[in-house]
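Breakdown of the fold
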Amino acid sequence: QVQLVESGGGLVQSGGSLILSCAASGITGITFRLYVMGWYRQAPGKQRELVAGITGGGSTNYADSVKGRFAISRDNAKKLVYLEMASLKPEDTAAYYCNAKKMNYDYWGQGTQVTVSS
């Protein structure tokens, strides 16, 4: 059983920056390395989309809409995943969710709201 808890969301002005954190528990750091971690977001009336993903070894991928602005990282020893967001736009407003995947296992956090004001 993996528990994921997101934090760091809030209200920020357009052009501002924010860092989201995802803390994993219920597993060891060694097991945590085996999970591909990702950040997803969902705005009202829209489908949930993958924002950024990162493998245990540090390989990353990003949605085209956030390339050059967002950065995903992880600390396997601390079982933490981060999403650094810069140059935020109103269209980035959404609930952001942390996800962990390994084989047939799939876990989600409760989400944290990010609101970017104009």
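That block above? That's the structure.
Below: a short report on this structure.

1. Digging into the overall build of the protein chain
Scanning the protein chain for helices and strands turns up 1 helix and 11 strands. Reading the protein chain from its N end, one meets helices and strands in the order β-β-β-α-β-β-β-β-β-β-β-β. Taking 2.2 N^0.38 as the reference for a compact globule, 118 residues should give roughly 13 Å; the C-alpha atoms of the protein chain span a radius of gyration of 14 Å, in line with that estimate. Expressed as lengths along the three principal axes of its C-alpha atoms, the size of the protein chain is roughly 40 × 25 × 20 Å. The proportion of buried residues among the 118 residues of the protein chain is 42%. Here the analysis covers contacts within the protein chain between residues at least 6 apart in sequence; of these, 54% occur between residues at least 24 apart. With the model as given, the accessible surface of the protein chain reaches about 6200 Å², and the carbon-plus-sulfur share is 51%. If the 12 positive side-chain charges of the protein chain are averaged to one point and the 8 negative ones to another, these points end up 5 Å apart.

2. A look at the environment of Gly57
Tracing the backbone through its elements, the reader meets Gly57 in the loop between β5 (49-54) and β6 (60-62). Separated by 19 residues in sequence, Gly57 and Asn76 place their C-alpha atoms 9.4 Å apart.

3. So, unusual backbone geometry
The phi dihedral of Lys79 is positive, around 55 degrees, even though this residue is not glycine. Relative to the assigned elements, Lys79 resides in the loop between β7 (70-75) and β8 (80-85). A relative accessible area of 19% means that Lys79 is categorised as buried.

4. Re the side chain of Arg74
Here Arg74 lies in strand β7. Buried charge without a partner: Arg74 forms no salt bridge, and the closest opposite charge is Asp75, 8.4 Å away. Separated by 2.7 Å, the side chains of Arg74 and Asn76 make a polar contact. In this view, Arg74 contacts Phe32, Arg33, Tyr35, Val36, Met37, Ile54, Thr55, Gly56, Leu80 and Val81; residues no more than four positions away in its chain are not counted.

5. Here's the deal with the nonpolar core
Membership of the largest hydrophobic core comes to 31 residues, with the highest contact counts inside it found for Leu4, Met37, Trp39, Leu83, Met85 and Tyr96. Residue assignment for this core shows that the elements contributing at least two residues are β3 (18-25), β4 (36-42), β5, β7, β8, β9 (94-102) and β11 (112-117). With sequence-adjacent residues up to four places away left out, Leu4 is seen in contact with Cys22, Ala23, Ala24, Met37, Cys98, Asn99, Ala100, Tyr107, Trp108, Gly109 and Gln110.

The rules behind the values
Throughout, a residue's number is its position along its own chain's written sequence, starting from 1. Given that this is a predicted model, residues contribute local features only at a pLDDT of at least 70 and side-chain atom pairs are listed and counted only at 80 or more, while totals for whole chains, interfaces and linings are drawn from all residues. By convention in this description, side-chain values take in all heavy atoms of the structure and omit both hydrogens and water. Each helix is a run of DSSP H or I of at least 4 residues and each strand a run of E of at least 2, with the numbering of both proceeding from the N terminus. The reference for a compact globule is 2.2 Å times residues^0.38; the radius of gyration itself is calculated from the C-alpha atoms. Here the term buried applies to any residue with accessible area under 20% of the maximum for its type, exposed to any over 50%, and partly exposed to those in between, with areas from a 1.4 Å probe on protein chains only. Contact criterion: two residues are considered in contact whenever any of their non-hydrogen atoms come within 4.5 Å of each other. In these tables, accessible area is a Shrake-Rupley quantity obtained with a 1.4 Å probe, and a residue counts as shielded only by the protein chains included in the view. None of His or the chain ends enter the tally, which takes Lys and Arg as positive and Asp and Glu as negative. A charge is said to be at NZ when it belongs to Lys, at CZ for Arg, at CG for Asp and at CD for Glu. By salt bridge we mean one thing: a side-chain nitrogen of Lys or Arg within 4 Å of a carboxyl oxygen of Asp or Glu. A 3.5 Å cut-off defines polar contacts: any pair of N or O atoms within that distance qualifies, except that in protein one atom must be a possible hydrogen donor and the other a possible acceptor, and neighbouring residues in sequence count only when both atoms are side-chain atoms. For this analysis, a nonpolar core means a set of buried residues of the types Ala, Val, Leu, Ile, Met, Phe, Trp, Tyr and Cys, connected via side-chain atoms within 4.5 Å.

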